[in-house]
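# Geometric and topological summary
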Amino acid sequence: MSANGAPARPIAIIGGTGPAGMGLALRWARAGETIIIGSRDAQRAEQAATAIQRRMGRPVPVSGMENKAACAAADILMLTVPFEGQASLIKQLKPAMTAGSILIDATVPLAAGVGGRASRTLGVWQGSAAQQAAELVPEEVSVVAAFHNVSAELLGGDNPLDCDVIVCSDDADAAQLTRELAAKIPGVRALDGGKLENARIVEQITALLIGLNVRNKGHAGIRITGLPPAAYL
Ligand SMILES: NC(=O)c1ccc[n+]([C@@H]2O[C@H](COP(=O)([O-])OP(=O)(O)OC[C@H]3O[C@@H](n4cnc5c(N)ncnc54)[C@H](OP(=O)(O)O)[C@@H]3O)[C@@H](O)[C@H]2O)c1
């Protein structure tokens, strides 16, 4: 049960032991969410969960499991793995995904994965990493693209963030739920980025942000301005 007595609805963070997954786990743990950190190695997942527990300084519903077990135990799946591992991992996890699940994909197809620069992206046949994910999950699983432009370094800190999260999906309900999760992170505003095909634009922005970070030694994010307040969650 969650703090307010509602049934716990876990979020499984697949590949959650890296900076992006750990940052999201920390922020959502602070927001009272139930988190399962997934890893290819169950022990590494448990160690990551323990690290979050220590960071929180009080018992919180954060556990660690091997990716497949984490996937089977949740119907909100947050995918935070490098592009080079994304397709094979989704294929491996497919049998463990339950109908009606949501896969939130933060994958950026960086050229660094094949020995290129982190400030460049790779062409993905389907149009984006998120669309590649959508092609690989079971039909009854919705894919949402989000969190590409958020600095993992800042997510893993204690201060409110100064950035917006653009959420793209062909499933309006899944997108809404993802925007609500994004808005639980202090300082983050969530925006409807339209259809999943727009993920190709959002993924590309990350490469630009990485270049800005390298040149300026910073942790760049994005803010979308000029929309009516109702556009921001
Ligand atoms: N870092 C950022 O600031 C940031 C911001 C926005 C989006 N992203 C995107 O979010 C994703 C994760 O970023 P990250 O920096 O956290 O990545 P990462 O540290 O390179 O990887 C995250 C985790 O993925 C698992 N993993 C690594 N290679 C794998 C493979 N070949 N197959 C399956 N699992 C693998 C590892 O966990 P185990 O070894 O425990 O399985 C690793 O701890 C990337 O696609 C990145 O582009 C990152």
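The paragraphs below set out a description of the structure included in this document. (Residues numbered from 1 in each chain as written. Predicted model: local features only at pLDDT ≥ 70, side-chain atom pairs only at ≥ 80, totals over all residues. Heavy atoms only, no water.)

## What to know about the overall build of the chain
Counting secondary structure elements, the chain contains eight helices and eight strands. Here the C-alpha radius of gyration of the chain, 16 Å, is about what a compact globule of 233 residues would show, namely 17 Å. Along the three orthogonal principal directions, the C-alpha set of the chain runs to about 40 × 35 × 35 Å. When contacts within the chain are restricted to residue pairs at least 6 apart in sequence, those whose partners lie at least 24 apart make up 74%. Across the chain, the mean location of the 21 positive side-chain charges is 8 Å away from that of the 21 negative side-chain charges. (Helix = DSSP H or I, 4+ residues; strand = E, 2+ residues; numbered from the N terminus. Rg over C-alpha atoms; globule rule 2.2 N^0.38 Å. Contact = heavy atoms within 4.5 Å. Lys, Arg positive; Asp, Glu negative; His and termini not counted. Charge placed at Lys NZ, Arg CZ, Asp CG, Glu CD.)

## Observations regarding the pairing of strand E1 (residues 11-14)
Residues of E1 alternate between two faces, with Ile11 and Ile13 on one and Ala12 and Ile14 on the opposite face, all of them buried. Of the pairings in the sheet, the one linking E1 to strand E2 (residues 35-39) comprises three bridges and is parallel in character. In the strand pairing of E2, isoleucine 11 is matched with isoleucine 35. In this fold, the crossover linking E1 to E2 by way of helix H1 (residues 19-30) has right-handed handedness. Alignment of E1 against strand E4 (residues 76-79), held across four bridges, turns out to be parallel. Residue pairing across strands places isoleucine 13 opposite methionine 78, the latter belonging to E4. (Buried < 20%, exposed > 50% of the residue type's maximum accessible area, 1.4 Å probe, protein only. Pairing = 2+ DSSP bridges. Right-handed = clockwise from strand over helix to strand, strands pointing away.)

## Focus on the nonpolar core
Formed by 36 residues in total, the largest nonpolar core has its most connected members in Trp28, Met78, Ile104 and Phe147. No other element matches the five residues that H1 contributes to this core. Not counting chain neighbours up to four residues away, the residues in contact with phenylalanine 147 comprise Leu24, Trp28, Met78, Ile104, Ala106, Val165, Thr178, Ala182 and Ile185. Counting residues in hydrophobic clusters, the runner-up holds 29 residues, among them Leu89, Val137, Leu196 and Ile222. (Core = buried A, V, L, I, M, F, W, Y, C linked by side-chain atoms within 4.5 Å.)

## What about the site of the ligand?
In the vicinity of the ligand lie 20 residues, with Thr17, Ser39, Arg40, Arg44 and Val81 positioned nearest. One of the backbone nitrogen or oxygen atoms of proline 19 is found 3.3 Å away from an oxygen atom of the ligand. For the ligand, the accessible surface in isolation is 890 Å², of which the surrounding protein chains cover 76%. Mapping the ligand onto the cavity grids shows that it belongs to the largest pocket. Across the shell around the ligand, the residue classes break down as nine nonpolar, nine polar and two charged. (Near = heavy atom within 4 Å. Polar contact = N/O pair within 3.5 Å; in protein donor to acceptor, adjacent residues only side chain to side chain. Areas by Shrake-Rupley, 256 points an atom, 1.4 Å probe, with all protein chains shown as cover. 1 Å grid on protein atoms, 1.4 Å probe; cavity = no way out; pocket = protein on both sides within 12 Å on 5 of 7 lines; lining within 4 Å. Sits in = over half its atoms within 2 Å of the grid points. Nonpolar A, V, L, I, M, F, W, Y, C, P; charged D, E, K, R; others polar.)

## Some remarks on helix H2 (residues 42-56)
Over its 15 residues, H2 extends 21 Å from the first C-alpha to the last, a length consistent with the 21 Å expected when each residue adds 1.5 Å. The set of residues buried in H2 consists of Ala45, Ala48, Ala49, Ile52 and Met56. Along H2, the residues classed as buried sweep out an arc of 100° about the axis, all on the same side. Within H2, the exposed residues directed more than 90 degrees away from the buried face are Gln43, Gln47 and Arg54. Contact partners of the buried residues in H2: H1, E2 and strand E3 (62-66). Residue aspartate 41 occupies the N-cap position of H2, its side-chain oxygen lying 3.0 Å from the main-chain nitrogen of glutamine 43. Positive phi appears at glycine 57, one or two residues downstream of H2, with a value of about 75°. (Expected span 1.5 Å × (residues − 1). Arc of directions from axis to C-beta.)

## Remarks on the pairing of strand E5 (residues 102-105)
Burial of E5 is two-sided: the residues Ile102 and Ile104 facing one way and the residues Leu103 and Asp105 facing the other way are all buried. Across four bridges, E4 lies against E5 in parallel orientation. Residue pairing in the sheet places isoleucine 76 in a bridge with isoleucine 102 of E5. Crossover handedness for the path E4 to helix H4 (residues 83-93) to E5: right-handed.

## Things to note about the layout of surface pockets
Where empty space is left becomes clear once a probe the size of a water molecule has been rolled over the atoms. Here the largest pocket is characterised by a volume of approximately 930 Å³. Breaking the lining of the largest pocket down by element, the ones donating at least two residues are H1, H4, helix H6 (152-155) and helix H8 (199-216). With six residues, the single largest contributor to the lining of the largest pocket is H4. When the residues that make up the lining of the largest pocket are grouped by side-chain class, the tally is 18 nonpolar, 17 polar and three charged. (Points joined across faces, edges and corners; volume = space filled by probe spheres on them.)

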